[in-house]
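# Understanding the architecture of this molecule
The primary structure of each chain is shown beneath.
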Amino acid sequence: MSSNATAKSEIAFAIVLIAFSGLIYFGTADLPPPKFEPLGSAALPRALSGIMALLSLIMIGRAIYQLQRSKPEAQPKPNTIKSHNMLSLVVFLATLVFVAVMDLGLLGFNIAGIIFLTIVAWLMTHRDMRKLPWIAGYSVVMITACTYVFTKFFYINLP
């Protein structure tokens, strides 16, 4: 598919998303006003629909920019996409092991999450050993942040 066709399909998709976000925004008008909380039940859907519309506008802007700077190609480029069936299978199996380890109580979320995220991210970077320390550091920060948010803000106890 050419870049012009991709940009045009992105514009069409973004317009559909903007219409959907408008539908959500105006659909929340029937929700009752807040009684005890300061924002009410319509605040989250309206905020999310506004964010979705804003991101769709950014998507339209990028697609228009791509249409303006694209030049007609003389020859089509060969398909350079490679299939990674084994990689997807290994990531799927790693996900199953991650869930099973936590379900059986062998490891908690923090340790299992750090190991899982490190393995999957390392696999996605074409198994580059030089990136492994950065990936492990990112995993520690990400899992620690997730644990903090889920336990302190959402009051969800993680395994």
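This structure is a prediction, so every number in the text was calculated from the model and none was measured.

## Thoughts on the nonpolar core
Side chains of a nonpolar character, in soluble globular proteins, are inclined to be buried together. Phe98, Val101, Met102, Phe109, Ala112 and Ile143 together form the largest nonpolar core, which totals 6 residues. For this core, the elements supplying multiple residues, two or more each, are α3 (85-103) and α4 (109-124). Considering each element in turn, this core owes the most residues, 3 residues, to α3. Non-local contacts of methionine 102, meaning those with residues more than four positions away in its chain, are made with Leu107, Gly108, Phe109, Ala112 and Pro159.

## Digging into α3
Between its terminal C-alpha atoms α3 stretches 27 Å, which fits the 27 Å expected from 19 residues at 1.5 Å a residue. The set of residues buried in α3 consists of Val91, Ala94, Phe98, Val101 and Met102. Here the buried residues of α3 occupy an arc of 90 degrees about the axis, which is enough to place them on one side. Exposed side chains of α3 directed beyond 90 degrees from the buried face belong to Asn85, Met86, Val97 and Asp103.

## Here's the deal with the packing of aromatic side chains
In the structure shown here, the tally under the stated rule is 4 aromatic pairs. For the pair tyrosine 148 and phenylalanine 153, a centre-to-centre distance of 5.9 Å together with 85 degrees between the ring planes defines the contact as edge-to-face. According to the relative accessible area criterion, tyrosine 148 is partly exposed, its value standing at 48%. By relative accessible area, which is 55% here, phenylalanine 153 ends up exposed. Through a chain of ring-to-ring contacts, three or more aromatic side chains come together here, namely Phe98, Phe109 and Phe116.

Thresholds applied
- Residues numbered from 1 in each chain as written.
- Predicted model: local features only at pLDDT ≥ 70, side-chain atom pairs only at ≥ 80, totals over all residues.
- Heavy atoms only, no water.
- Core = buried A, V, L, I, M, F, W, Y, C linked by side-chain atoms within 4.5 Å.
- Buried < 20%, exposed > 50% of the residue type's maximum accessible area, 1.4 Å probe, protein only.
- Helix = DSSP H or I, 4+ residues; strand = E, 2+ residues; numbered from the N terminus.
- Contact = heavy atoms within 4.5 Å.
- Expected span 1.5 Å × (residues − 1).
- Arc of directions from axis to C-beta.
- Phe/Tyr/Trp six-rings, centres within 6.5 Å; stacked < 30°, edge-to-face > 60°.

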